[in-house]
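Here is what each chain is made of, one letter per residue.
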Amino acid sequence: SAVISQKPSRDICQRGTSLTIQCQVDSQVTMMFWYRQQPGQSLTLIATANQGSEATYESGFVIDKFPISRPNLTFSTLTVSNMSPEDSSIYLCSVSEQGRGDYGYTFGSGTRLTVV
Amino acid sequence: AQKVTQAQTEISVVEKEDVTLDCVYETRDTTYYLFWYKQPPSGELVFLIRRNSFDEQNEISGRYSWNFQKSTSSFNFTITASQVVDSAVYFCALSGSFGSARQLTFGSGTQLTVLP
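Residues numbered from 1 in each chain as written. Chains lettered and ligands numbered in written order. Predicted model: local features only at pLDDT ≥ 70, side-chain atom pairs only at ≥ 80, totals over all residues. Heavy atoms only, no water.

Undergrad: Got a minute to help me understand the overall build of chain B in this structure?
TA: Helix and strand content of chain B: zero helices and twelve strands. Along its sequence from the N terminus, chain B presents helices and strands in the succession β-β-β-β-β-β-β-β-β-β-β-β. Expected size for 116 residues packed as a compact globule is a radius of gyration near 13 Å; at 14 Å, chain B falls within 12% of this value. Across the 116 residues that make up chain B, the buried fraction comes to 47%. Partitioning the contacts of chain B with sequence separation of at least 6, the portion at a separation of at least 24 is 57%. (Helix = DSSP H or I, 4+ residues; strand = E, 2+ residues; numbered from the N terminus. Rg over C-alpha atoms; globule rule 2.2 N^0.38 Å. Buried < 20%, exposed > 50% of the residue type's maximum accessible area, 1.4 Å probe, protein only. Contact = heavy atoms within 4.5 Å.)

Shown next as structure tokens:
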């Protein structure tokens, strides 16, 4: 399965600033996703990162707040903009791979963000 | 729309007890995939199992076993002879097989605590 390198692993940021999270995959993958996990909560899909076009955002998430880039099939970034303490969460990237007729999902190790 | 329900928020057992984590899902897709992930305190998501909708065979892997029943839309997870290292949050998840349905929908998770 694909190996994902996600950076940074953690950060403490001042409110009002922005943080860009990187996700590098060791192979070309069709579908990449970004998730948010608020403290004590489940994972919520932010958006699907599309190569060469704008990301597809889920309800409640907007491009101005969470701009996403995906310049190629192995790399994507998520920016958390104009941060507030409510943005303190774990952010995870994920890729979907097809093998032997079904699908698997691999996750990065996550970025633990604290906004102060 | 897809939905995954994990009704058990927290479960606490004593070491060596057996424990079953419940998962009920909803989907209109005829082809879909079910997953279980483990999230230890360190935060990373550990893949445990994937099951497609056409394979209702139960599976056993060491102390872990899974019971998939399409008739009741359930995919329950049993840990036999639990150990302290099993303490974690366990997520059940569901995906479709085409397009946007391939995104993973997670249940709310079950916090399992195994006491020595």
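Undergrad: I would appreciate a short explanation of the state of the cysteines in the present structure.
TA: Here a disulfide denotes a covalent bond joining the sulfur atom of one cysteine to the sulfur atom of another. For the structure shown, the criterion picks out two disulfides over all chains. The disulfide partner of A:C23 is A:C93, and the S-S distance across this bridge is 2.1 Å. Across the S-S bond linking A:C23 and A:C93, the dihedral sits near 70°, which makes this disulfide right-handed. Within this pair, whereas A:C23 is found in strand β3 (residues 19–25), its partner A:C93 is found in strand β9 (residues 89–99), the two being separated by 70 residues in sequence. Taking the relative accessible area as the measure of exposure, A:C93 reaches 0% and is therefore buried. Disulfide pairing places B:C23 opposite B:C92 at an S-S distance of 2.0 Å. Linking B:C23 and B:C92, the disulfide has an S-S dihedral of approximately -65° and is accordingly described as left-handed. (Disulfide = S-S within 2.5 Å.)

Undergrad: Is there a simple way to explain the sheet that holds strand β8 (residues 75–80) of chain A in this structure?
TA: The strands making up a sheet are joined through hydrogen bonds of the backbone, oriented either antiparallel or parallel. Residues and elements named next belong to chain A. The strand order β1-β3-β8-β7 describes an open sheet built from four strands, whose pairing is antiparallel. Every other strand in the sheet has two partners, leaving β1 (4–7) and β7 (68–72) as the edge strands with one partner each. Direction aside, the axes of adjacent strands within the sheet are offset by 15° on average. Where β1 meets β3, four bridges bridge the pair, whose relative direction is antiparallel. The partner of I4 across the bridge, within β3, is V25. (Pairing = 2+ DSSP bridges. Axes fitted to C-alpha atoms, helices over the stretch in contact; angles between N-to-C directions.)

Undergrad: I tried to follow the interface of chain A and chain B on my own but got confused; where do I start?
TA: Accessible area lost upon the coming together of the parts serves often as the stated size of an interface. The partner chain B presents 22 residues to the 20 residues of chain A that form the contact. Summed over both partners, the interface of chain A with chain B comes to about 1,700 Å²; 50% of that surface belongs to carbon and sulfur atoms. Seen at the junction of chain A and chain B, the total is zero salt bridges. Along the contact surface separating chain A from chain B lie six residue pairs in polar contact (both at pLDDT 80 or more). (Buried area = accessible area lost by both parts, 1.4 Å probe. Salt bridge = Lys/Arg side-chain N within 4 Å of Asp/Glu carboxyl O. Polar contact = N/O pair within 3.5 Å; in protein donor to acceptor, adjacent residues only side chain to side chain.)

Undergrad: For this particular structure, what's the right way to read unusual backbone geometry?
TA: Leave glycine aside and you will find that most residues have negative phi; peptide bonds, for their part, are mostly trans. Across the junction of A:K7 and A:P8, the peptide omega takes the value -5°, indicating a cis bond. Tracing the chain through its elements places A:P8 in the loop between β1 and β2 (10–13). At B:K16, a residue that is not glycine, the phi angle is positive and equals roughly 80°. For B:K16, the location among the structural elements is in the loop between β2 (10–14) and β3 (19–21).

Undergrad: What am I meant to see in the confidence of the model for chain B here?
TA: Caution applies to low-pLDDT parts of the model: their predicted coordinates are not meant to be read in detail. Taken over all residues, the pLDDT of chain B has a mean of 92, while the share at 70 or more is 97%. Within chain B, no element has a lower average pLDDT than strand β7 (residues 59–61) of chain B, which sits at 86, and none a higher one than β3(B), at 98. (pLDDT = per-residue confidence, 0-100.)

Undergrad: Explanation requested: the pattern of salt bridges in the structure shown.
TA: Working definition: two side chains of opposite charge can pair if their charged atoms are close together. Residues and elements named next belong to chain B. The final tally for this structure, using the stated rule, is four salt bridges over all chains. For E59, the salt bridge identified is with R51, shortest N-O distance 2.9 Å. A relative accessible area of 30% places E59 in the partly exposed class. Exposure remark for R51: the relative accessible area of 8% places this residue in the buried category. Residues joined by salt bridges that share partners form a network here, namely R51, D55 and E59.

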